[in-house]
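Now for the letters of each chain:
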Amino acid sequence: MDARVSDLFGSGNGHGSGSPGVASNVKPGNGHGVAPKKAGAKNKKSKARFSRTFKPSNNTPYLPPEVRKKIRLKLVNPTQYRFEHLATQMKWRLQEGRGEAVYQIGVEDNGMLVGLSEEDMRASLKTLHRLAEKVGADITVLREREVDYDSDEPRKIAEVLIRKVPDDQQFLDLRVAVLGNVDSGKSTLLGVLTQGELDNGRGRARLNLFRHLHEIQTGRTSSISFEILGFNSKGEVVNYSESRTAEEICESASKMITFIDLAGHHKYLKTTIFGLTSYCPDFAMLVVSANTGIAGTTREHLGLAMALKVPIFIVISKVDLCTRATVERTVRQLERVLKQPGCNKVPMVVSSTDDAVTAAQQFAQSPNITPIFTLSSVSGESLDLLKVFFNIIPPLSNSKEQEELMQQLTEFQVDEIYTVPEVGTVVGGTLYSGICREGDHLVVGPTDSGQFHKLTIGSIQRNRSACRVLRAGQAATLALGNFDRSLLRKGMVMVSPEMDPTICWMFEAEIVLLFHAKTFHKGFQVTVHIGNVRQTATVAAVYGKEELRTGEKAVVLFKFIKHPEYLKVGAKVLFREGVTKGIGHVTKLQPIAQYQPSQSEDEEV
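What this report covers is the structure whose coordinates are included nearby. None of the values given here were measured: they were computed from a predicted structure.

### Description of the pairing of strand E23 (residues 503-515)
And step 1. By the bridge criterion, 2 bridges tie E23 to strand E29 (residues 565-566) in an arrangement that is antiparallel. When the bridges of E29 are listed, Cys504 appears paired with Glu565.
And step 2. Sheet topology note: the E23/strand E28 (residues 553-560) ladder contains 7 bridges and is antiparallel. Paired with Val512 across the strands is Lys553, a residue of E28.

### Re the sheet that holds strand E17 (residues 453-456)
Strands pair in a sheet through their backbones, by hydrogen bonds, and they do so in one of two ways: parallel or antiparallel.
And step 1. If you walk across this open sheet you meet the 8 strands as E17-E16-E22-E13-E14-E21-E18-E19, and the pairing is antiparallel. The open sheet has two edge strands with one neighbour each: E17 and strand E19 (465-466).
And step 2. One ladder, built from 2 bridges, connects strand E18 (residues 460-462) with strand E21 (residues 475-479); its direction is antiparallel. The partner of Gln461 across the bridge, within E21, is Thr477.

### Some points on helix H10 (residues 324-339)
And step 1. An ideal rise of 1.5 Å per residue puts 22 Å on 16 residues; H10 measures up with 22 Å between its terminal C-alpha atoms.
And step 2. Three or more residues of H10 are buried, namely Thr326, Val327, Thr330, Val331, Leu334, Val337 and Leu338. For H10, the buried positions fall inside an angular range of 140° around the axis, keeping them on one side. For H10, the exposed residues set more than 90 degrees away from the buried face come down to Arg336 and Lys339.
And step 3. Contacts made by the buried residues of H10 are with strand E9 (283-289), helix H9 (298-307), strand E10 (312-317), strand E11 (346-350) and strand E12 (369-374).

### Structural notes on the side chain of Ser184
And step 1. Mapping Ser184 onto the fold places it in the loop between strand E5 (172-180) and helix H5 (186-195).
And step 2. For Ser184, a relative accessible area of 3% gives the class buried.
And step 3. Separated by 3.4 Å, the side chain of Ser184 and the backbone oxygen of Val287 make a polar contact.

### Some thoughts on the pairing of strand E6 (residues 225-231)
And step 1. The buried fraction of E6 amounts to 6 of the 7 residues, a majority that puts the element mostly inside the structure.
And step 2. Relative to strand E8 (residues 255-261), E6 runs antiparallel, the two being bridged by 7 bridges. Pairing of Gly230 across the sheet is with Met256, part of E8.
And step 3. Where E6 lies against strand E7 (residues 237-238), 2 bridges are found, and the strand directions are antiparallel. Note on E7: the bridge partner recorded for Gly230 is Val238.
And step 4. The antiparallel hairpin formed by E6 and E7 contains 5 residues in its connecting segment, where Gly235 sits at a positive phi of about 85°.

### Looking at the nonpolar core
And step 1. Membership of the largest hydrophobic core comes to 36 residues, with the highest contact counts inside it found for Leu189, Phe259, Met285, Phe313, Leu386, Phe389 and Phe390.
And step 2. The leading source of residues in this core is helix H12 (residues 383-392), at 6 residues.
And step 3. When we break this core down by domain, the ones giving at least three residues each are domain 1 (70-164) and domain 2 (172-396).
And step 4. Contacts of Phe259, omitting those with residues within four sequence positions, involve Val176, Val178, Leu190, Leu193, Thr194, Ser225, Phe226, Glu227, Leu229, Met285 and Phe390.
And step 5. Residues Ile260, Leu262, Ala290 and Leu334 belong to the second largest nonpolar core, which totals 33 residues.

### Quick notes on unusual backbone geometry
And step 1. Cis geometry marks the peptide bond from Gly445 to Pro446, where omega comes out at 0°.
And step 2. Note on placement: Pro446 falls in the loop between strand E16 (441-445) and E17.
And step 3. Although it is not a glycine, Cys280 adopts a positive phi angle of roughly 50°.
And step 4. You can see Cys280 is positioned in the loop between helix H8 (269-278) and E9.
And step 5. The phi dihedral of Ser382 falls on the positive side, at around 65°, and the residue is not glycine.

### Considering the pattern of salt bridges
And step 1. Here the structure, examined in full by the defined rule, presents 14 salt bridges.
And step 2. As a salt-bridge pair, Glu144 and Lys156 come within 3.6 Å of each other at their nearest N and O atoms. Highlighted residues: Glu144 in strand E3 (residues 137-147) and Lys156 in strand E4 (residues 155-164), separated in sequence by 12 residues.
And step 3. With a shortest N-O distance of 1.9 Å, Arg145 and Asp354 are connected by a salt bridge. Taken together, the residues span a long stretch of sequence, with Arg145 in strand E3 and Asp354 in helix H11 (residues 353-365) at a distance of 209 residues.
And step 4. Asp354 gets classed as buried once you look at its relative accessible area, which sits at 9%.
And step 5. One continuous salt-bridge network, built from bridges that share partners, spans Arg143, Arg145, Glu159 and Asp354.

Parameters and conventions
Residues numbered from 1 in each chain as written. Predicted model: local features only at pLDDT ≥ 70, side-chain atom pairs only at ≥ 80, totals over all residues. Heavy atoms only, no water. Pairing = 2+ DSSP bridges. Helix = DSSP H or I, 4+ residues; strand = E, 2+ residues; numbered from the N terminus. Expected span 1.5 Å × (residues − 1). Buried < 20%, exposed > 50% of the residue type's maximum accessible area, 1.4 Å probe, protein only. Arc of directions from axis to C-beta. Contact = heavy atoms within 4.5 Å. Polar contact = N/O pair within 3.5 Å; in protein donor to acceptor, adjacent residues only side chain to side chain. Core = buried A, V, L, I, M, F, W, Y, C linked by side-chain atoms within 4.5 Å. Domains from an automatic or database assignment. Salt bridge = Lys/Arg side-chain N within 4 Å of Asp/Glu carboxyl O.

This is the structure we're talking about:
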């Protein structure tokens, strides 16, 4: 991307924003900034490719040709036929972006940034507003900039966010795992974001997030908690302020950010790893205290997110306690770590609204871009920039990928188990594939003997409010009525009776040993994390080698100690024991005999 284009939208970090073109660009939905290809894909180009196709010019600045759909320079007084065509096009783009799209006005079909006059820009925005109304959406002008062009009057380009008004709880839901060392301010930051009130400097904001008495007494998170932050169709924050309930937030929000608050203390590292592997977060937010810098488990949490390939951005908190020089030193320290060969990240310090918009777009397009925010939960400094970032950041998966997952058989991963008075047994987790409705008949397992039990789904709750239909990729809690809780455990799956799940005691994985004090060999015991599975396993064999040392690769045969598990080939494996750490992926399963659903009368609901 030409540096002039970046400067046009005020990115002080040398990273260009998304192309401020006339054509409407679907918010990237697949983690690479590339809209899914449909029929006529030859007429489409992704914003992510602009940087490779653009050739700088010494004359009028312009972007690469926008070939997605030839939209005229301006949307002034369109004919009825043209208006209907644009409305259909907007509807498609919103569907592709799962309810969001970014339109950029002021560019010719060949990519030249000519801009629009004040009058034409007003008329174009008015047309865009009418189009949005027709398809049930709202528009928000993200930013406007003047452009140099051979004209006597000033000319502008604009970037506009189109977001669908929520319909039947079909809001866009993104999950953000919150990582960082103990006492870095994770829970306090989440309390401020979700409650809408600043902290008093002594941790008042975090009290609503704690689940146990000892957490309140020590101020340290030891369990996984979930908090929600909503944005309505106009981009305004919807949270618990003004005495809203979770149900009211879900009703009025078009986009929901679900924060997974994880433990920072090393003592609870296994809980943090479980949260990262099991809940499938879209992004990770690493919180670093400005006054202590990279300390404690910060590096380990960063390494975990990178090993699991979760895109990560960084928030430097507690800037109110430090001088500007101390904050800058912490930023430089982080930049050095991120640029190391093991990370290969491109740090991007966010200091303005324009930076926040650019960071959200760049972050979704490139896994290497790492935005860095510096803020305070007490003074509220730069808190709005983080909210702008959350408002604009697009989903990693697009509508086509979600549709494909929904066509598959139902598979729900069990992460939490509760007993609720007058409701009975309740399980929490993520629907990996398929669709789940009230009254569906599923089987849950595997048990210690590899069996599955029949059950019926009662009510469904998503983000603490009732939900009729659960779709692939969404997290929820399911009521199972009087189903015996003792038959359930974390790591189980609930699947369609037609599915033939692979249950195994033993599996092979290709691993890399990240660290080990001595040598890693047959007979060694480790705690294995694979998705929502967490169990101790023994190394039954190391193929091709007698033993492994730090940094070496091998194919290893693992055997579970307590009970068989449901696994898939290709799933990420993360294991640890003491200081021993390793990552890899499942390459082969050794299934036990084909499962038979348990037929006992007392196991049916």
